Every structure is written in C-alpha cells, then in structure tokens.
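# Structure at a glance
The residues making up each chain are set out below.
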Amino acid sequence: MAANGEIKVGSAAGRNGLPKIQTARQNGICHDDSGPTVKAQTIDELHSLQKKKSAPNTPIKGAQAAFATMCEEDRQKQQLQSISASLASLTRETGPKVVKGDPARKSETPRQVSHVSHHHYFTPTIDVSDSALKFTHVLYNLSPAELYEQAIKNEHGSFISSSGALATLSGAKTGRGSPNIEMDEHTFMVNRERAVDYLNSLDKVFVNDQFLNWDPNNQIKVRIVSARAYHSLFMHNMCIRPTPEELENFGTPDFTIYNAGQFPCNRYTHYMTSSTSVDLNLGRREMVILGTQYAGEMKKGLFSVMHYLMPKRQILSLHSGCNMGRDGDVALFFGLSGTGKTTLSTDHNRFLIGDDEHCWGEDGVSNIEGGCYAKCIDLSKEKEPDIWNAIKFGTVLENVVFDEHTREVDYTEKTVTENTRAAYPIEYIPNAKIPCVGPHPKNVILLACDAFGVLPPVSKLNLAQTMYHFISGYTALVAGTEDGIKEPQATFSACFGAAFIMLHPTKYAAMLAAKMQKHGATGWLVNTGWSGGSYGSGSRIKLAYTRKIIDAIHSGSLLNGNYRKTEVFGLEIPIEVEGVPSEILDPVNTWSNKKAYKETLLKLAGLFKNNFEVFVNHKIGKDGKLTEEILGAGPVF
C-alpha cells in the first residue's frame, strides 16, 4: 500500500487491449476514476447540473419585435403584473404579491422575488387581507413532466399508470353539475371573492395561459388559475397550447377561470342550494368554481362561453365530433354522452379534426379545443385502438381503478364511477389534422343510443327532419340499479348540448339549416343503441355494423342507395348497406313480438312529441315557413 492510501490494480492494458479500470480507495470507499469527475461538492449542486436553463427562443415577426427587445426581467414583470391583476380581490386594497416558481424550491425564491415590481410592504388596515402580506407563487404554464411531479408529490390519489398516464381522483364529484339557473351579479361577486380569497391563501397556484378555437381570426385567449396540478395538466391538454412566442406576447386574457374546487361555496349565499357552485359571468368574462374538483366543469364552462360569443359573430358553435376524408369531405357527429361521438369521429381511415367542440364559420369548420376527452368505461385496444394508444405519458386518467402493484388499469371497473375519462392532446391521435380546421361539412350525422330499440340503425333525413332531430337532441340511457334493471330513460338535450347553449335552441337550428342549405350537406340519423328489443331483451347494435354504415355515408354510396319510409317517424331507411345484415336495417324485422314493437314505437313517438311542445311557438328563420316544415317532420300517429 502506498503512503497516500491508493492501491494501483493491474497494468495499463487489460484483456483484448482494453484499458484496465483504475480504482482508488479514499476513506475506505473504492471509486471508478476512469471518467472525468463531476463538478459538484453536494447532492444539491449535482441536481442543479441536471437542469439545463431554457427560455423561449423563437423567431420574431413584425410588430412583435418591439416586445421581444424587452429584457427578460421586464417581460416577466409584465407577465406577473397581469397575473396579479387577475388574482386581485375587488373588495380589498390589493391582491397577493405574486412570484414565479415553486415555494418548495426555497433556494430559488429570493432570486425570483427580485423580479416582482411591487414587493413593498403595507401597514395592515381593515381593507388588507393576510394574503396580501405573503407571496403567492405562480407555477406558470408548466410542462406535463413538471405537473406530474407536482401532482405525485402533493395530491393524494395521483399515480402513474403502467401506460405512463397520470391517474387522478376528482373527489366526491365525478361528473358535471346540475342544469343552468340564473343568478344575480351580487351572488356571483360573493362567490368570486370566496374563490379568489382561497386561491390567494395558498402558497402556490397553477396558471395556464392558452387559446380556444383553431380559427386564427376567432381565437380566444383564456387564463386558468387553479390549485391542483391535475387541473392544470387537464387544461394543458384540452385547450390549444401556445408556442413560446405566443406566450411571450399573450397579454391580457379574454376569459379567466378561478378554480377553487377544493373549497365549498357558502350555502347561506343567495341561490346556493349545496356546497357546489359553478358560475359564469359573461359580462366580466369570468368563471368561478367552488365545491367540485371534476375537471370537466372547466371544459363545459369555456364551451358555454363559445356558444355565446361565436353566434354573435355569425359563427355556429357545435357540440360535435368532426373528421375529414382523404378527399377533403368533412363530417360532423352530434350526440350526447355514450352515443359514440368520440369513438366514431376517431377513425383511423380519416383525419380527426376534433372529438367534441367545433365552430362552423365562413371558411369551414374549426376545432375549439386542443385535446380529446374520451370515456374510458369498457375501453379495449381491439374496439378503439387510437384512443387506447393515446393513453400514455401526458394523458390524464380520471377516477379509474388500477392494479396496486402493476398499475395496469381495469377499464371495466366502475367502483369509483362509470364516468371514467381520459384527457389527452389531440396530436396523440396519429391521424389528427393539425391545425384542426377543415372545409365545409358534407354530412351531418346525428347519433342516438336508442335503448328502446325502435329507431333504425341509419336513416337519411331531409332538412326539416334534420332540424327536428337536432332540436330534440334525443338519446335513451339505461337506468340500472342494484335492485334490477329498470326501463330505458329517454333524454332530450336541445342541440345535443342543452347544458352549454346560451341562446334559444331554435337560433342554433336556424344557423345550421342555413349552412347546410348553402353548402349542400346531407343529414343522417344513426342509432348506436339497441336492436331486436329494448334493453334487457334486445342487443346493442354491433360497433362493426355502425362503422360500416358510417363508411357508406362518407363514401357517398349510401346517398345513392334505394330507400323506403318507416311508419310513425317517417324516416327514409336504406334497403341495403354493404357489410351490414339487411334484416336489421328495419327494426320491426328484428323484434319477435311485433305488438310490443308497435307499443314501444308509439311510446317513444309520444315522448318526442311531448318534448317538442316547448318549441312549437318559436319562429325559425325570417318567415315561419321553416317552423311549419320542422313541426311536420316529427312523428305522426
């Protein structure tokens, strides 16, 4: 042993001429010193070397050049001032002092604080809240990887699934809330104050600045302020993600969401009937969420805003899926939850423009969102390969059940809720059309999951029938209980989205009629529900048959086929569709009990008629002619 404690092992060359590893023992530990040593004295220094500093580095065009000449510190000051203004309380003297960065990274805080332009301290008065005396850290437009870290460290019930998706829990609420009711300005402000105070009391908040609508002429800037990394990642996926250049020049948002979902509303506040409240104020262009952590409320709120803003610009907002064929033929898919809208619009033979929310303007269609929100119950790789493969790193999986050890998700499991969901960026679908825009639609497909089993698998609609079924917005769900199966429940949701629409349903119907006439689109009614009997006696129409029907609509072959008219509903049904058994095309053929079929058909027709009573006195279009035609397009019995 040498005096300095080193041991030299072997000669300079080992077997096959390879260099021998030189080991040196220091303080009783052997080190491999065949490579250069790391330039760090502590583990914290070592970690700091892992992270390469990054800043937006994009080409600057035209008018943005002046903004780009700002130093980084001034740009960040502007951004923080904008966020501080968003978080400002309206009844206090000041909002919080906002600062960029995670409070957990204590060493970075002093450097970040120096960028804030207004960190002078106040002598407390009655109008200053405690939150004004502390810093609120802003985690701004974090990447999915950063949001994963935040969720797993800080949010109970967040895990990485075996496919790489982030599995999360939305808490007690696992679906969207009750129907819309009007509230006064004062009540909104009370709830806003409660939400803002809660967010300001936190050490950190997540802020997303993003866009809605791929049509650049009608794009809306949105800001989402939330307390959960899960909500931030959800909106990162569901809204349109800005480029670094767009983010630098984002400015003041057009609409702001305050998501204080962990905190309840005050039930003694006027209009509050529970601890949950989701409030929209179109004048202030703000949304406040209290008492529910279900992320879908944010998506629903923004869609409602678009249903108000877009028609004012003569742009039709639509609750629909949308895809495009190789020849540029666009199809719209309308349907309520569970009818197959996402499944059928996600077609690997066609380009996906979007799965849920669209605008139809002067130049064609555009997706409102930057992502997809797919139902996961009973999801399988065989039936829905594109959605299955999209559930990977970056995707949010809500309320799913998974194996404790392998983290493999059981999509058949409904223990938490039947409304299990996946939210992923649209580019996770391999054939997504980016940017998500397309020409004017050629086909308008209305989807209904008819659990009564009396609607045909496919019907060609004239314009009046298309309007009638669009305004009706029908599907039938099965009310299953632990005590046994009850009969199907008919659901009517005007324009296939009553929860979202802001104007009278006939306004949207008139716009749709005008656009279909102008651009020569054909309407179709497709039943994805039951055949051969109602739920319990019949069976669900095979997805493979529905896909063949949709293929025949896309190709144009169904438009030129032979048709016959059904009784009661007066629907034109094809004699044959390639790849589909002809006997199922007319539902009466599939029922063994013809009397029961007729009774069920008349029952459904009566439900349609009762539902439409509220629309009878509304004039559609400039004269009342179209109104009469639409009323005449309903069931006759």
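Note: the structure precedes this text.
Our subject in this report is the structure included herewith. (Residues numbered from 1 in each chain as written. Predicted model: local features only at pLDDT ≥ 70, side-chain atom pairs only at ≥ 80, totals over all residues. Heavy atoms only, no water.)

## Details of the overall build of the protein chain
Which entries qualify depends on this criterion: We count a stretch as a helix when DSSP gives it H or I for four or more residues in a row; a strand needs E for two or more, and each element gets its number in order from the N terminus. A simple rule labels every residue: compare its accessible area, found with a 1.4 Å probe on the protein chains alone, to the largest value its type can have, and call it buried under 20%, exposed over 50%, or partly exposed in between. The criterion used for residue contact is that any of the two residues' heavy atoms lie within 4.5 Å. Method for areas: the Shrake-Rupley scheme with a 1.4 Å probe, in which residue coverage is limited to the protein chains shown.
Counting its secondary structure elements, the protein chain contains 16 helices and 31 strands. Going through the 637 residues of the protein chain one by one, you find that 51% of them count as buried. Considering only contacts in the protein chain between residues 6 or more positions apart, those separated by 24 or more positions represent 72%. Accessible surface, the protein chain: about 30,000 Å² in total, of which carbon and sulfur atoms supply 52%.

## Quick look at the sheet that holds strand β4 (residues 135-140)
Put simply, the rule reads: Following DSSP output, two strands are said to pair if at least two bridges run between them. The axes used here are C-alpha line fits, helices contributing only the stretch in contact, and every angle between their N-to-C directions lies in the interval 0 to 180 degrees.
Pairing within the open sheet is mixed, and its 7 strands lie in the order β3-β4-β7-β8-β9-β11-β10. Only two strands of the sheet have a single neighbouring strand rather than two, namely β3 (97-100) and β10 (277-281). The average undirected angle you get between the axes of adjacent strands in this sheet is 20 degrees. In the sheet, β4 pairs with strand β7 (residues 204-212) via 4 bridges, with the strands oriented parallel. Residue pairing in the sheet places V138 in a bridge with V205 of β7. The strands touched by helix α3 (residues 72-87) are β3, β4, β7, β8 (220-226) and β9 (255-260); relative to β3, the strand with the most contacts, the crossing angle is about 135 degrees.

## Quick notes on the sheet that holds strand β21 (residues 421-425)
Spatially, 5 strands are ordered β5-β6-β18-β21-β17 in an open sheet, and the strand pairing comes out mixed. Because the sheet does not close on itself, it has two edges, and the strands there are β5 (159-160) and β17 (371-375). As paired strands, strand β18 (residues 396-398) and β21 are joined by 3 bridges and run antiparallel to one another. Considered in β21, the bridge of L397 is made with A422. Its contacts with the sheet put helix α7 (residues 229-238) on β6 (166-168), β17, β18 and β21, and the angle it makes with β18 is roughly 120 degrees.

## Things to note about the pattern of salt bridges
The condition that has to hold: Salt bridges are identified by distance alone: a Lys or Arg side-chain nitrogen within 4 Å of an Asp or Glu carboxyl oxygen.
Under the defined criterion, the tally for this structure stands at 16 salt bridges. Two residues, E286 and R284, come together in a salt bridge whose shortest N-O distance is 2.7 Å. With relative accessibility at 31%, the residue R284 sits in the partly exposed group. A salt bridge links R350 to D329; the nearest nitrogen and oxygen atoms lie 3.0 Å apart. Of this pair, R350 sits in the loop between α10 (341-345) and β14 (351-354) while D329 sits in the loop between β12 (316-324) and β13 (330-334); the two residues are 21 residues apart in sequence, bridging distant segments of the chain. Comparing R350 with D329, the two get one shared label, buried. By sharing partners, the salt bridges in this structure join K299, K341, D356, E357 and E369 into a single network.

## Section: the pairing of β17
A regular strand carries its side chains on alternate faces of the sheet. The element β17 is largely enclosed, with a buried count of 4 among its 5 residues. Pairing geometry for β17 and β21, over 5 bridges, is antiparallel. What sits directly across from C372, in β21, is Y424.

## Quick word on the packing of aromatic side chains
Rules: Classification of ring pairs uses Phe, Tyr and Trp, with its six-membered ring standing for Trp, and accepts pairs whose centres are within 6.5 Å; under 30 degrees between planes counts as stacked, over 60 as edge-to-face, and the remaining range as tilted. Whether a charge sits over a ring depends on NZ of Lys or CZ of Arg being within 6 Å of the ring centre and within 35 degrees of the ring normal.
According to the stated counting rule, one finds 19 aromatic pairs in the structure shown. Both rings, one in F492 and one in F608, keep their centres 5.1 Å apart while their planes meet at 85 degrees; by these two values the pair is edge-to-face. Of this pair, F492 sits in strand β26 (residues 484-492) while F608 sits in helix α15 (residues 594-612); the two residues are 116 residues apart in sequence, bridging distant segments of the chain. A residue is classified by how much of its surface remains accessible, and F492, at 22% relative accessible area, is partly exposed. Aromatic side chains W530 and Y535 sit 5.1 Å apart centroid to centroid with 70 degrees between the ring planes, which places their arrangement in the edge-to-face category. Among the residues examined, W530 registers a relative accessible area of 11% and is labelled buried. Overall, the relative accessible area of 32% leaves Y535 in the partly exposed class. These aromatic residues form a ring-pair network of at least three members: Y468, Y474, F492, F569, F608, F612 and F615. It is K392 that lies over the ring of Y428; its NZ or CZ is 4.5 Å from the centre. Its end group placed over the ring of Y563, K460 keeps NZ or CZ at 4.2 Å from the ring centre.

## A short note on helix α9 (residues 296-312)
Note the following rule: Every helix has an expected span of 1.5 Å times one less than the residues it contains.
Its 17 residues give α9 an end-to-end C-alpha distance of 25 Å, which sits within 8% of 24 Å, the value for a rise of 1.5 Å per residue. Within α9, 15 of the 17 residues are buried, leaving the element largely enclosed by the surrounding structure.

## Observations regarding the environment of M511
Position of M511 relative to the elements: it lies in helix α13 (residues 505-519). Sequence separation of M511 and P311 is 200 residues, and the distance between their C-alpha atoms is 8.7 Å.

## Thoughts on the nonpolar core
As a rule of thumb, soluble globular proteins bury nonpolar side chains together. The condition that has to hold: Throughout, nonpolar core names a set of buried Ala, Val, Leu, Ile, Met, Phe, Trp, Tyr and Cys residues whose side chains join them through atoms within 4.5 Å.
With 79 residues, the main nonpolar core has L397, Y424 and F569 as its most contacted residues. Excluding anything up to four places from it in sequence, F569 contacts L455, Q465, H469, L601, L604, A605, F608, A633 and P635.

## Structural notes on helix α5 (residues 144-154)
Quick reminder of the rule: Arc definition: it is the arc formed by the directions from the helix axis to the C-beta atoms.
Among all positions in α5, only P144, L147, Y148, Q150 and A151 are buried. Down the axis of α5, the buried set is contained in an arc of 170 degrees. They therefore lie on one face. For α5, the secondary structure elements touched by its buried residues are β4, β5, β6, β7 and α7.

## As for unusual backbone geometry
A negative phi angle is the norm for most residues apart from glycine, just as the trans form is the norm for most peptide bonds. With an omega of -5 degrees, the peptide bond running from I434 to P435 counts as cis. Within the secondary structure, P435 sits in the loop between β21 and β22 (437-438). A positive phi angle, close to 85 degrees, is found at N213, a residue other than glycine. As for its placement among the helices and strands, N213 is situated in the loop between β7 and β8. A positive phi angle, near 55 degrees, is found at F496, a position not held by glycine. On the secondary structure map, F496 appears in the loop between β26 and α13.

## Description of the pairing of β8
The buried fraction of β8 amounts to 6 of the 7 residues, a majority that puts the element mostly inside the structure. Relative to β8, β7 runs antiparallel, the two sharing 7 bridges. Residue pairing across strands places F206 opposite S226, the latter belonging to β8. Here β8 pairs with β9 via 5 bridges, running parallel. Following the sheet pairing, V222 is matched in β9 by F255.

## Considering the state of the cysteines
The condition that has to hold: Note on disulfides: each one is a pair of cysteine sulfur atoms within 2.5 Å.
On inspection of all chains with the given rule, the structure shows 0 disulfides. Lacking any disulfide linkage, C436 is separated from the closest cysteine sulfur, that of C372, by 8.2 Å.

## Re the packing of α5 against α7
To keep it simple, the criterion reads: Here the angle decides the label: under 35 degrees means roughly parallel, over 145 means roughly antiparallel, 65 to 115 means roughly perpendicular, and every other value means oblique. Note on convention: the crossing is left-handed when the near helix lies turned anticlockwise from the far helix by less than a right angle, right-handed when the turn is clockwise. Only Asp, Glu, Lys and Arg are considered charged, only Ala, Val, Leu, Ile, Met, Phe, Trp, Tyr, Cys and Pro nonpolar, and every remaining residue, Gly among them, polar.
Contact pair α5 / α7: the axes reach a minimum separation of 8 Å and the direction vectors enclose 155 degrees. Considering the angle they form, α5 stands roughly antiparallel to α7. Between α5 and α7 lies a crossing of left-handed hand. Contacts from P144, L147, Y148, Q150 and A151 of α5 reach α7 at A229, S232, L233 and H236. Taken together, the residues that form the contact of α5 with α7 break down as 6 nonpolar, 3 polar and no charged.

Function cannot be read off these values alone, since they describe shape.
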